[in-house]
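This is what each chain is made of:
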Amino acid sequence: MSAESTRTNWPGIIEAYRDFLPIADDTEVVTLYEGATPLYPAPYLSEIKGAEVYLKFEGANPTGSFKDRGMTMAITKAKEAGARAVVCASTGNTSASAAAYAARANMACVVLIPAGYIALGKLAQALVYGAKVLQIKGNFDEALEIVRKLGESGEITVVNSINPYRIEGQKTGAFEVVDQLGAPPDYHFIPVGNAGNITAYWRGYNEYQKAGRANSKPKMMGFQAAGAAPIVLGHIVNNPDTIATAIRIGNPASWEGALAAAKDSFGLISSVTDEQILDAYAKLARYESVFCEPASAASVAGLLATDIEKDSKVVCVLTGHGLKDPDTAISQIKVPEAVDASYSAIAKELGIEG
Ligand SMILES: *Cc1c(COP(=O)(O)O)cnc(C)c1O
């Protein structure tokens, strides 16, 4: 094995791509060695699409999602600015990532959520990292409004998607894809929720080309869930609904960024149904050995539903780990019944003779 194929000396995305990030020479970096995630060849998908398909597995990040790329930047800059705490209104992967990086930086992390909304399963990770979770008697918009005001106080930094450093950190995913493949792919498939990630990847591909590290750019292929597809529909969705909770967003913060990425790259923003998402989710585990969360599978559901040119190079981003959402996993399987504790009973189940 060559040195480059191990993570042993990987310094995290800020040190690896410092020249492309707004970081001063003397800035103290807060990192958990995020990034350097695998780019798996996907033989099953390559075969059925007649293309060369790769899976960028972001579930391999420290807290299990790509949010860590943005959070190392957001927390590093918050610490540099002297913030004592960070705050976000999120019940999902953003709060888990914020809690982990805040803990590493010796800062407090506050998560504000509407009372009654609490799904402890998704929040458990943030709580274990030590986040302070406050339930407010109000809705998500009211929570966000308070978060914004807390940010204006100067002592607490907001790490919701309005924080500009998160997109800066997330663009390093595109740098890694180009470094791993040796060139940009022809197509880049990606799930779209708040649309920060598609905006970030497009920025990354553009910056690498400007720097002379790539001489082409992929078509950006963004996929929303059909029940939460405001960009596809062209209007805000008031009660977004999908099994893919990480992209259950009715009014994306980076709406314009997603539209620009699709238009400027000759790509598209489209949608896939929950049925298509769960089909891709199962196939990824069964045929490619990659267990991702349902939202992540929207990229591959999009690939399966799209005609692409033969022999193209394709990258699908798998944004988060399957263990993030055990409830969906359990709902998709049949719990096995108990069998007699005898060799013959087990042999019979397995179809072994004698
Ligand atoms: C946040 C998230 C998304 C959506 O990314 P956006 O930047 O909001 O479009 C998709 N999948 C997972 C696992 C996420 O955590």
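All of the points below concern the structure found in this document. Since this is a predicted model, take the numbers as computed values, not measurements.

### Thoughts on the overall build of the chain
Helices and strands together make up the secondary structure of the chain, namely 15 helices and 10 strands. Relative to the 2.2 N^0.38 estimate, which gives 20 Å for 354 residues, the radius of gyration of the chain is 21 Å and therefore close to what a compact globule would have. Dimensions of the chain along its principal axes, counting C-alpha atoms only, are 75 × 50 × 45 Å. Within the chain, the proportion of its 354 residues that are buried is 51%.

### So, the pattern of salt bridges
Summed over all chains, the structure comprises 11 salt bridges. Linking Arg69 and Glu176 is a salt bridge whose minimum nitrogen-to-oxygen distance equals 2.9 Å. Taken together, the residues span a long stretch of sequence, with Arg69 in helix α3 (residues 67-80) and Glu176 in helix α8 (residues 172-181) at a distance of 107 residues. Taking the shortest distance from any N to any O, the salt bridge between Arg84 and Glu155 comes out at 2.2 Å.

### Overview of the sheet that holds strand β9 (residues 268-272)
Here we have six strands laid out as an open sheet, ordered β1-β2-β10-β7-β8-β9, and mixed in their pairing. Pairing within the sheet leaves two strands with one partner each, and these edge strands are β1 (39-41) and β9. Within the sheet, the average angular offset between the axes of one strand and its neighbour, ignoring direction, is 25°. The pairing of strand β2 (residues 52-57) with strand β10 (residues 313-318) spans six bridges and is parallel. Its bridge partner lying in β10, Val53 is registered against Val314.

### Let's talk about the site of the ligand
Of all residues adjacent to the ligand, which total 15 residues, the nearest are Lys67, Asn93, Gly193, Asn194 and Thr319. For the ligand, an oxygen atom lies 2.8 Å from a polar atom in the backbone of Ala195. Asn197 places a main-chain nitrogen or oxygen 2.8 Å from an oxygen atom of the ligand. Its free accessible area being 380 Å², the ligand has 94% of it covered by the protein chains. A breakdown of the residues in the shell around the ligand according to their chemical character gives six nonpolar, seven polar and two charged.

### Re the pairing of β10
The buried fraction of β10 amounts to five of the six residues, a majority that puts the element mostly inside the structure. In this structure, strand β7 (residues 187-191) lies alongside β10, joined through three bridges in parallel fashion. Its bridge partner lying in β10, His188 is registered against Val315.

### Observations regarding the packing of α3 against helix α4 (residues 93-104)
Contact pair α3 / α4: the axes reach a minimum separation of 9 Å and the direction vectors enclose 45°. Considered as vectors, α3 and α4 are oriented oblique to each other. As α3 packs across α4, the resulting crossing turns out to be right-handed. From α3, Lys67, Asp68, Met71, Thr72 and Ile75 reach across to α4, where they touch Asn93, Thr94, Ser97, Ala98, Tyr101 and Ala102. Partitioned by chemical class, the residues of the contact of α3 with α4 number five nonpolar, four polar and two charged.

### Some points on the sheet that holds strand β6 (residues 156-158)
Taken together, four strands build an open sheet; the order of strands is β5-β4-β3-β6 and the sheet is parallel. Whereas interior strands pair on both sides, the edge strands pair on one side only; in this sheet they are β5 (132-136) and β6. Here the strands of the sheet are splayed against their neighbours by 25° on average, with no regard to which way each runs. Direction of pairing for strand β3 (residues 85-88) relative to β6: parallel, over a ladder of three bridges.

### Let's talk about unusual backbone geometry
Trans is the common state for peptide bonds, and a negative phi is the common state for residues other than glycine. At Tyr33, a position not held by glycine, the phi torsion is positive, near 60°. In this fold, Tyr33 is placed in the loop between α1 (13-16) and β1.

### Some words on the side chain of Gln224
Its place among the elements puts Gln224 in strand β8 (residues 219-225). Here Ile231 takes part through its backbone nitrogen, which lies 3.0 Å from a polar atom of the side chain of Gln224. A polar atom in the side chain of Gln224 sits 3.3 Å from the backbone nitrogen of Val232. Residues contacting Gln224, with those up to four places away along its chain left out, are Val192, Gly193, Ala229, Pro230, Ile231, Val232, Ile247, Pro252, Ile269, Ser270, Ser271 and Val272.

### Let's talk about the pairing of β3
On a regular strand, one side chain projects to one face of the sheet and the next to the other, so that they alternate. Of the two faces of β3, both are covered, the one formed by Ala85 and Val87 as well as the one formed by Val86 and Cys88. Note that β3 and strand β4 (residues 108-114) share four bridges and pair parallel. The partner of Val86 across the bridge, within β4, is Cys109. In this fold, the crossover linking β3 to β4 by way of α4 has right-handed handedness.

### Some remarks on the environment of Tyr205
Tracing the backbone shows Tyr205 in helix α9 (residues 196-210). Residues Tyr205 and Phe189, spaced 16 residues apart in sequence, show a C-alpha to C-alpha distance of 14 Å. Setting aside residues up to four positions removed in sequence, Tyr205 forms contacts with Ala174, Val177, Val178, Pro184, Pro185, His188, Lys217, Pro218 and Met220. Within the local environment of Tyr205, its side chain forms a polar contact with the side chain of His188, the two groups lying 2.8 Å apart.

Rules of the game
- Throughout, a residue's number is its position along its own chain's written sequence, starting from 1.
- A pLDDT threshold of at least 70 governs which residues receive local features in this predicted model, and a stricter bar of 80 or more applies before side-chain atom pairs are shown or counted, although totals over entire chains, interfaces and linings include all residues.
- Side-chain measures were taken over the full set of non-hydrogen atoms in the model, leaving aside hydrogen atoms and water.
- Helix and strand definitions here come from DSSP, where helices need a minimum of 4 consecutive H or I residues and strands a minimum of 2 consecutive E residues; each element is numbered from the N-terminal end.
- Radius of gyration here is computed from C-alpha atoms only, and the compact-globule reference equals 2.2 Å multiplied by the residue count raised to the power 0.38.
- Think of it in three bands: with a 1.4 Å probe and only protein chains considered, a residue is buried below 20% of the maximum accessible area for its type, exposed above 50%, and partly exposed in between.
- One side-chain nitrogen of Lys or Arg within 4 Å of one carboxyl oxygen of Asp or Glu is enough to make a salt bridge.
- For two strands to be treated as a pair, DSSP must find no fewer than two bridges joining them.
- With axes taken as lines fitted to C-alpha atoms, and helix axes fitted only over the stretch in contact, angles between N-to-C directions fall between 0 and 180 degrees.
- Proximity is defined per residue: if any heavy atom of the residue lies within 4 Å of a molecule or strand, that residue is considered near it.
- For this analysis, a polar contact is any N or O atom pair within 3.5 Å, provided that within protein one partner can donate a hydrogen and the other can accept it, and provided that sequence-adjacent residues contribute only side-chain to side-chain pairs.
- Only the protein chains shown count as cover for residues, and the accessible areas themselves come from Shrake-Rupley with a 1.4 Å probe.
- Three classes are used: nonpolar for Ala, Val, Leu, Ile, Met, Phe, Trp, Tyr, Cys and Pro, charged for Asp, Glu, Lys and Arg, and polar for all others, with Gly counted as polar.
- Angles below 35 degrees are treated as roughly parallel, those above 145 as roughly antiparallel, those between 65 and 115 as roughly perpendicular, and all remaining angles as oblique.
- Crossing handedness: left-handed means the near helix sits turned counterclockwise from the far one by under a right angle, and right-handed means the same turn made clockwise.
- Any pair of residues with heavy atoms lying within 4.5 Å of one another is described as a contacting pair.
- Clockwise travel from the first strand over the helix to the second, with the strands pointing away from the viewer, marks a crossover as right-handed.

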